[in-house]
Amino acid sequence: MIFTSFLPVLAILVPWLGALVVFLAGYLSEKLRNLLAVLVALATCGIVLSLYPYVQTGTVVYRFADLMSFGLYFRVDFLSFVFAALFSLSWLFATIYATVYMKKEHAQNRFYLFLLLTFAHCLGVVLAGDLFSLFLFFELMTFSSYVLVIHRQTPGAIRAGNITIYMGVAGGLALLMGIFILFAGVGTLDLVPMLERILAAGINPLLVIPLFMVGFGIKMGMAPLHIWMPRAYEEGPSPINAISSAAMLKAGAYGMIRIIGMVFTPANPAVVPAGAEVIKYIGLAVIWLGILTMVMGAALAILQHNAKRILAYSSVSQMGYILMCIGVAAFLGFEKGAVGFSGAMYHIINHSVFKAALFMVVGAVYLITLDVDLSRVRGMMKKVPFLAFVFLISYVAIAGVPGGSGYASKAIMHRAIVYAYKYGGEFTSLWVAEKFYVLASAMTVVYFAKLFIGLFLGNMRKEHLHLNFQVSPLIKGVLLLYSAAILAVGFFPNFVLNRIVIPAGAGFSFDAYGFKALKEINFFLWYDLQEPLLVFALAALMYLVLDHKRIFDWKAPEWLSVEHSFFLPLSRFFFKTCCNFGTAFDSAINRTYLQSGKIASEMCKYITVFDSSVNKVYESSGGAARRLAEQAEKFDGVINDAYEKSGGVARMIADGAEQFDGVINDAYEKSGGVARMIADGAEQFDGVINDAYEKSGGVARKIADGAEQLDGVINDTYEKSGQMARQLADKTAELDSSLDEAYEQSGEHSRSLWERMRGSQSDWNIKNLNFDSLLIALTLGLFLFLLFYYTRFN
Amino acid sequence: MPQLDSFLPVWIVMFPMVMTVVIFYVEQRSEKMRNALAVATSVVTFLSVLALYPGVMAGKIIEFELFQILPNLAISFRVDILSFSLALLSSFIWMLVAIYSIDYMCKEHGCNRYYPVLIITLASCMGIFMAGDLFTLFVFFELMSLISYVLVVHEETIEALRAGYKYLIMTIIGGLALFFGIIITFELGGSVSLSNPVPLISEPSNLAFFAFISFLIGFGMKAGMFPLHVWLPDAHPVAPSPASALLSGIMLKTGAYGLLRVIFHVYGIEFMQETGWTVILAVVAVITILLGSAVAITQENLKRRLAYSSVGQMGYILLGISILNERALMGNIFHIFSHAFMKSTLFLAAGAIILKTGKKNIKDLGGIGRQMPFTMFAFTLAALSMIGIPPFNGFLSKWTLSLGAMDAGVPFYVLILLISSLLNGLYYLPIIISAFFGEEHGEGHQHQSIKINEAPYKMLIPIAILAISCLLFGLLPSNLPFDLSRVAAEYLLRGGF
């Protein structure tokens, strides 16, 4: 049955809006804020739990069509409900715990804001009905939980946060890539079994599933992608450790179950589609990844000294168990896969409970001592027996002692790996896997023994003796609830199995018969009891050997860690290729451009030389003109002299004429005397003639005077014209020099403008511009012409 | 009797031009009047563009010929859905930037030069988007490119002048290439009008290929396409922040717009699919994406990092153009919107930081989030959107673009987009982290004494509007940019009619 209800949306909206309210309330009063935060968590918890009646018989859906163009889709089936209920309960307790734990921390308003935002996003991941919505909340969760991880803002916290967020972003992108490939192939992102359609669309599961596994695996701490976890856990506050172990890791596991256990399974198990056997191999790979994760996590936990780090590696190791079971579910497929699925689900629930309790205990110790390093904090048992008690109960649970909650889930998980070997066909390697499983379980017992002995037994250091060993009643209450839950599940394992784990398998394509067989298991029989016995025997042996050889204090060399041997070189390589190469490439291009400018400017220098030679020609032509003018002036002076001289000659001629005239006069006077003597009678006539001649001499003199005057005038004119010519010559010389100056000035002007423009002398030159364009235009034109030619005439 | 809205395109282009002159006169007398006029002009322009909405959405194409210079060569205007989308986006962001400038520029010199140039660049930008033929487009393209030189060198420092010089040379190269392309188109098709019912060039030839390369150089230069992007990381950071916002947010897009017009109107989609010339564009786009994103990581100057980020983001848009199917085209046009909003927010926020603290380098930005929480919050929104985190608009465009690439059967492009997203994360997240959670450098550790010291509200409001748009346009089911992108993509694939 499908119910349409707003409840799933409400479950996300309430903590989201509540976060804002709590943030604002924080400015009013701290108590109000804390109270509100707990109330918001409680309300959300109530909303989630109220979904129970619906999911028992069907699914709850709600769709926002077209939101973000794709549409947000919420779909809650029993599996989603189990996760959501687990998350909201964990969050509720963690919030209550945080109100005590965070009392002395800074930026509490921010803390509660992001605590509740992360809550909303985390719920969104499991309530989402398709991969698009799931991805949206997954990314939001990555970012909002970042603020929680770096809460202390110490350099160490920032570094841990960096690794967390960059791995988170990378994982999100791997997820997105998988989503794209899936969506492009099948056209839907719904979380339903659809292996047939995927194979029909030609999608290779070997390509897509690893993408999803990277995306979710980073979140769930799958080896070797777990490296962010120990750091983030060590630096984050304890309530955050509790919820990230109880919820955020599980969000990764949820995605893994949905993808490997659901989307990539056939909708109709009766007809096995062609190519489906590849899923079996993927299942096998996941089993081995799970084994690797659990053994590696446990081994690393043994070597740690910081209680939080031990718990962090323990979480890695426990997630390995869950991963292994998911692998078994895919490996065994329809017929026997139910046991793998149930093991994973059961352990997810149990781990959420006891790991949260453990982190809270360690956090409570931290509140007292402000330190959780095993080499410094000892002997807490005598001072705070309550914490030791809760720790021991959780220890019982995680070690798989009958009576603790972990026993039942470990029993099912052990069955799963045994079944995988038994029914898995020719894969005998799984026999080895089972041995590793036992080994990892024994190691779990060992490192918790180390943690318990280190933290609670032994003698307390002196400086710790005077501390205040009060544990807040709120913390006590929360821890009591957790212990009660652990014991209840431990004593009645079938209740959880039948009421929660097995119904969650609805909607998966597993044979109902497999679930039925599980339902009737009696856990307290010899078959299941022999495994813990073996584990404890092995663990006791191992502890003695390790303690004797002092391996607990052994510091692994750096090259052994995945981080140093793989991730750091990888990131360095990435940076080198990406950034250094990119930057070098970019600057090379830049240099090429500059170089071309330089070459152009080199060429322009020649043009400058040419230009200056033209300038010189102008300058020298100016000089020539001046010289010419001087010559002309000289010539003019010569002409002037000539004229002056010619004036003198004319005067001389005139004088000559006068003399000649006087001579003639004398001659006539003399001839007159003779004539007077000769002819007195003609004296009168002679006198008349004499007068006439005298008169004519006067006229001649007048003519001569006139000629002289004319000569002077001509002389003046010539002098004046000479002066004019000189003036003209001066003017042209002036013009010439002013032209010269103008050229120089304009040259200087343009030079200084471009000098400013180009900044420095070496690279740039004004002429680049013109010449570049010219060159380009020429080249382009030439090219164009060639093209024209070939297209037209060929 | 032509309808009133035929004149609107002319009005939209001419009004800011006329106002430029008015502002030029007014500013000699009153600075307040100048600022008010600049804002008023951009507001009126925006509203005028908005007035085109009913007609354009009804599928009408408004055409108007102003005058003919030569036969077949005219100054003409043409508004279709694509023009309208980009004009609306541009005038909107211009309006916000004009408001932002009032307080930002008050401490700068040369405001009397800045405002008229700002407004005339608006006019030429509108002219580009509303051009009815390639010749008109070219005229306004050159006008915008050359005038924005003044914006680039506004500070008149040595770096600014050098960057401006580089910009100028590259612009001229681009303009020349564009001109060649247009001439060849005219030669082959006999017209350069964008309203031809069939594409102008219908047969592949060497000359047509040469024209394509010329267009690619001309428009790609403006769009910051590799290897013609070298001017961009120099020019954008040196300009005053509001101008950088416009340069990165809007003016880069004119190149992308030109390429869209060339591919769909000059050549036509069948032609492009047959010849496969867009592969060139795709290859260059991929290199542009990776190069821009990778180099951004190594940049120390905030604005320079943003500029390289622009190079990478323009690569997305060019890649979207080269894929040639509906979803990719839609994602591409939507990314034009997204990037305009995101990058303007980032540059304006960077400007607010520079104005209040004078800090330009990323390593000095430790703790700035406590001092300017509002600005840095807006910055964070835009940066997350840049990385492609849902539910921001950057994610939506990347999502649509990637689905387009998957439709075309090239998951390789999706991989490139995702790698680039990771790189975006690598260069944006450290800024945010150190701003909010980092230690302040120098001046001792004074956690408590940090006072909130925000920019004036006239700067904060535009930043806020843009940042909220980043969220809303990603989240809301049917928002205007997304609808416009969808309709425009359909329209282009129909052949532009």
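What you are looking at is a predicted structure, and each value in this text was computed from that prediction instead of being measured. (Residues numbered from 1 in each chain as written. Chains lettered and ligands numbered in written order. Predicted model: local features only at pLDDT ≥ 70, side-chain atom pairs only at ≥ 80, totals over all residues.)

Caption draft 1: Fine view of the overall build of chain A. Looking only at helices and strands, one finds 25 helices and three strands in chain A. Relative to the globule expectation of 28 Å for 794 residues, the C-alpha radius of gyration of chain A, 55 Å, shows a markedly less compact shape. Expressed as a percentage of the 794 residues in chain A, the buried residues total 44%. Pairs at least 24 residues apart make up 81% of the contacts formed inside chain A by residues separated by at least 6 positions. (Helix = DSSP H or I, 4+ residues; strand = E, 2+ residues; numbered from the N terminus. Rg over C-alpha atoms; globule rule 2.2 N^0.38 Å. Buried ≥ 20, exposed ≤ 12 C-beta atoms within 10 Å, placed from the backbone. Contact = placed C-beta atoms within 7 Å.)

Caption draft 2: Quick look at the overall build of chain B. Scanning chain B from terminus to terminus reveals 20 helices and two strands. Expected size for 497 residues packed as a compact globule is a radius of gyration near 23 Å; at 22 Å, chain B falls within 12% of this value. Here the C-alpha coordinates of chain B stretch approximately 70 × 60 × 45 Å along the principal axes. Burial status across chain B gives 63% buried among its 497 residues.

Caption draft 3: Highlighting unusual backbone geometry. Of note, the amide linkage connecting Phe226(B) to Pro227(B) takes the cis form, showing an omega dihedral of -5 degrees. Inspection of the secondary structure puts Pro227(B) in the loop between α8 (206-222) and α9 (232-238). Here the amide bond leading from Pro390(B) into Pro391(B) is cis, since omega sits at 0 degrees, within 30 degrees of zero. Residue position: Pro391(B) is located in the loop between α16 (373-387) and α17 (393-407). At Leu370(A), a residue that is not glycine, the phi angle is positive and equals roughly 60 degrees.

Caption draft 4: Examining the pairing of strand β2 (residues 73-79) of chain B more closely. All names here are of chain B. With respect to burial, β2 is a largely interior element, five of its seven residues being buried. As paired elements, strand β1 (residues 62-70) and β2 share seven bridges and run antiparallel to each other. Of the residues in β2, the one forming a bridge with Gln68 is Ala74. Between β1 and β2, which pair antiparallel one after the other, the connecting turn spans two residues, and Asn72 there sits at a positive phi close to 70 degrees. (Pairing = 2+ DSSP bridges.)

Caption draft 5: Focus on the interface of chain A and chain B. Residue-level contacts link 47 residues of chain A with 44 residues of chain B. When residues of the side of chain A that touches chain B are traced back to their parent elements, those giving at least two are α6 (131-149), α7 (155-186), α23 (562-678), α24 (683-758) and α25 (766-793) of chain A. For the side of chain A that touches chain B, the class distribution of residues is 32 nonpolar, nine polar and six charged. (Nonpolar A, V, L, I, M, F, W, Y, C, P; charged D, E, K, R; others polar.)

Caption draft 6: Representation of helix α4 (residues 78-101) of chain A. The terminal C-alpha atoms of α4(A) lie 34 Å apart, and with 24 residues this matches the ideal 34 Å at 1.5 Å per residue to within 8%. For α4(A), the tally of buried residues reaches 22 of 24 residues, placing the bulk of the element in the interior. (Expected span 1.5 Å × (residues − 1).)

Caption draft 7: The nonpolar core, seen in detail. Counting residues in each nonpolar core, the largest one holds 435 residues, and the members touching the most others are Leu116(A), Ile326(A), Ala357(A), Met360(A), Val361(A) and Leu318(B). For this core, the leading source of residues is helix α13 (residues 307-369) of chain A, giving 37 residues. Those residues within four positions of Ile326(A) in sequence are excluded, and the remaining contacts are Met256(A), Ile257(A), Ile260(A), Gly261(A), Val286(A), Gly340(A) and Ala344(A). (Core = buried A, V, L, I, M, F, W, Y, C linked by C-beta atoms within 7 Å.)

Caption draft 8: Local environment of the sheet that holds strand β1 (residues 2-4) of chain A. Residues and elements named next belong to chain A. In space, the three strands of this open sheet follow the order β1-β2-β3, with mixed pairing throughout. Both edges of this open sheet fall to β1 and β3 (72-76), since each of them pairs with a single strand only. Strand after strand, the sheet turns through a mean of 25 degrees between neighbouring axes, direction not considered. Bridging between strand β2 (residues 59-64) and β3 involves five bridges; their strand directions are antiparallel. Across the sheet, Val60 pairs through a bridge with Val76, a residue of β3. (Axes fitted to C-alpha atoms, helices over the stretch in contact; angles between N-to-C directions.)

Caption draft 9: Examining the domain arrangement of chain A more closely. On domain assignment, one finds that chain A holds domain 1 (190-269 + 276-556) and domain 2 (568-793). The C-alpha centroid of domain 2 of chain A is placed 106 Å from the C-alpha centroid of domain 1 of chain A. (Domains from an automatic or database assignment.)

Caption draft 10: Up close: the packing of helix α15 (residues 385-399) of chain A against helix α19 (residues 473-491) of chain A. Residue and element names in this part refer to chain A. Where α15 contacts α19, the axes come no closer than 10 Å and their chain directions differ by 30 degrees. Judged by the angle between their axes, α15 and α19 are roughly parallel. Crossing geometry of α15 relative to α19 is assigned as left-handed. Residues Phe386, Val390, Ile393, Ser394 and Ala397 of α15 pack against Lys476, Leu479, Ser483, Ile486, Leu487 and Gly490 of α19. (Parallel < 35°, antiparallel > 145°, perpendicular 65-115°, else oblique. Left-handed = near helix turned anticlockwise from the far one by under 90°.)

Caption draft 11: Here's a closer look at the environment of Val446(A). Residues and elements named next belong to chain A. For Val446, the position within the fold is in helix α17 (residues 429-456). Classification of Val446 as buried rests on a count of 26 C-beta atoms within 10 Å. For the pair Val446 and Tyr543, spaced 97 residues apart in sequence, the C-alpha to C-alpha distance is 5.8 Å. What Val446 contacts, discounting residues up to four positions off in sequence, is Ile302, Ala539, Met542, Tyr543 and Leu546.

Caption draft 12: Geometry of the packing of helix α4 (residues 81-104) of chain B against helix α10 (residues 241-267) of chain B. Residue and element names in this part refer to chain B. Where α4 meets α10, the closest approach of the two axes is 9 Å, and the angle between their N-to-C directions is 170 degrees. With respect to α10, the axis of α4 lies roughly antiparallel. From α4, Leu82, Leu86, Ser90, Ile93, Trp94, Val97, Tyr100, Ser101 and Tyr104 reach across to α10, where they touch Ser241, Pro242, Ala245, Leu246, Gly249, Ile250, Lys253, Tyr257 and Leu260.

Caption draft 13: Just the confidence of the model for chain B, in detail. Considering every residue of chain B, the mean pLDDT works out to 88; 97% of them sit at 70 or more. Ranking the elements of chain B by mean pLDDT puts β1(B) last with 80 and α16(B) first with 93. (pLDDT = per-residue confidence, 0-100.)

Caption draft 14: Seen up close, α13(A). Residues and elements named next belong to chain A. Between the first and last C-alpha of α13 there are merely 13 Å, a value that for 63 residues lags more than 12% behind the 93 Å anticipated at 1.5 Å per step. Bending of α13 peaks at approximately 155 degrees at the position of Gly333. Among the 63 residues of α13, 58 are classified as buried, and the element is accordingly described as predominantly covered. (Bend = angle between axes of the 7 residues up to and from the residue.)

Caption draft 15: Region of interest: the environment of Leu538(A). All names here are of chain A. With respect to the helices, strands and loops of the structure, Leu538 is situated in helix α22 (residues 526-548). Note on Leu538: 17 C-beta atoms within 10 Å, which makes it partly exposed. Along the primary structure Leu538 and Ser441 are separated by 97 residues, whereas in three dimensions their C-alpha atoms are 9.3 Å apart. Once you skip the residues sitting within four places of it in the chain, Leu538 turns out to touch Val438 and Ala442.

Caption draft 16: Layout of the confidence of the model for chain A. Mean pLDDT over chain A: 86, with 95% of residues reaching 70 or higher. Throughout residues 760-768 of chain A the model reports pLDDT below 50, and contacts reaching past four residues in sequence, or to other chains, amount to 22 contacts.

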